[in-house]
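Listed below, chain by chain, are the residues.
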Amino acid sequence: MRTSMLRSIKSLTTSPSSHVLRRGYASEAVPDRKVAVLGAAGGIGQPLSLLMKLNPLVSNLALYDIANTPGVAADVSHINTRSEVVGYASDAELGKALEGADVVIIPAGVPRKPGMTRDDLFNINAGIVKGLCEAIAKYCPKALVNMISNPVNSTVPIASEVFKKAGTYDPKRLFGVTTLDVVRAKTFYAGKAKVPVAEVNVPVVGGHAGITILPLFSQATPKANLSNEEITALTKRTQDGGTEVVEAKAGKGSATLSMAYAGAIFADACLKGLNGVPDVVECSFVESTVTELPFFASKVRIGKNGVEEVLGLGALSDYEREGLEKLKPELKSSIEKGIKFASQ
């Protein structure tokens, strides 16, 4: 999927008049699609806006933030790709940014700093997400919502409660973006297994913080004969990937570039699903009956109405079954925290 996205981008930038994808379409023109990025001037928002400008499936790119968006929009708009770019700043322009959006990506909020947990971010980001989701319910209730703002384990339940209150909730249209966990798991696995990373697939289930992140390395392909110790180390590194970047940046930021990449990959999957490309499957944190928890990340088939099918976990190793039971209480608590916040 990543390769096809990049190939499509390359084909479009070298042939600006052609809006026809090589994969998923024969000679049929790509439909018009509006994507709104909320928090577009931030550390994740800027590179994410750049990557969405490069996506040939996007015809209209709306960039929103509370400040500095006109500059980001002007900069990105000079790139010779299909989409028209408009920047919106301040609460007064949020409605215009959202009207007619097919996909809304939310990286808004404050980033993690050294020593901060995702829960430390909660009070600030929860309020931001609540306000943005109230506007989505009003201006584009049918959009596919891609939640990046942390803590995702709580912000997705907040969004669901806001949409329920507004009478617009459709569980098929709300996604917690956990793609960065998958991206990391693939990268780390490929390095350890000494296989080409482009061929690697690793499902990651559970949630999007610490031990709630459960990579299923027993299901990874291509298969590699890794020891239990290596699997444990890979699991821990995937779970602590965000902290690794925060510490490496020494107080000057968090995982913004890799998160933007992961967000762009997931948004691309949503656009492909909307456009009727078959068999689009990504891991995402969604309303789920896979476990007893109301929300859970697992493989999801994405189609014209959002979630077409939430796929099961498949066969787990003993280590993964143990990890699954360990993560449930923490994930349950984070979900309940979000629901409680939204109801206040």
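Predicted model, so just to flag it, every value in this text is computed and none were measured.

Undergrad: Teacher, can you tell me more about the UniProt feature "binding site: substrate" (unreviewed entry) in the chain here?
TA: On the UniProt side, "binding site: substrate" (unreviewed entry) is annotated at positions that read R112, R118, N150 and R184 here. Positionally, N150 belongs in the loop between β5 (144-147) and α6 (152-166).

Undergrad: Please clarify how the nonpolar core should be interpreted in this entry.
TA: It is characteristic of soluble globular proteins that their nonpolar side chains tend to be buried jointly. Counting residues in hydrophobic clusters, the biggest one holds 48 residues, and the most contacted among them are L38, L98, V104, I106, I136 and F163. In terms of residues, this core owes the most to one element, helix α5 (residues 122-139), which gives 8 residues. Not counting residues within four places of it along the chain, the set of residues in contact with L98 comprises K34, A36, L38, V104, A135, I136, Y139 and C140. Counting residues in each nonpolar core, the second largest holds 41 residues, with V30, L48, A264 and C270 among its members.

Undergrad: In this structure, what is going on with the pattern of salt bridges? I would like to understand it.
TA: Side chains carrying opposite charge are able to pair once their charged atoms draw close together. One pass over the full model with this rule turns up 14 salt bridges. Put simply, K272 and D268 hold a salt bridge, and the shortest N to O gap is 2.5 Å. A residue pair is termed a helical-turn pair when its members lie 3 or 4 positions apart in one helix, as K272 and D268 do in helix α10 (residues 257-274) at 4 residues. The exposure class assigned to K272 is buried, which follows from its relative accessible area of 6%. We classify D268 as buried; its relative accessible area is 2%. Residue K328 is joined to E292 by a salt bridge in which the shortest nitrogen-to-oxygen separation is 3.3 Å. One end of the pair, K328, is in helix α11 (residues 318-343); the other, E292, is in the loop between β9 (280-287) and β10 (295-303), and 36 residues separate them in sequence.

Definitions and cut-offs
Residues numbered from 1 in each chain as written. Predicted model: local features only at pLDDT ≥ 70, side-chain atom pairs only at ≥ 80, totals over all residues. Heavy atoms only, no water. UniProt positions renumbered as here; feature names shortened; annotations may be inferred. Helix = DSSP H or I, 4+ residues; strand = E, 2+ residues; numbered from the N terminus. Core = buried A, V, L, I, M, F, W, Y, C linked by side-chain atoms within 4.5 Å. Buried < 20%, exposed > 50% of the residue type's maximum accessible area, 1.4 Å probe, protein only. Contact = heavy atoms within 4.5 Å. Salt bridge = Lys/Arg side-chain N within 4 Å of Asp/Glu carboxyl O.

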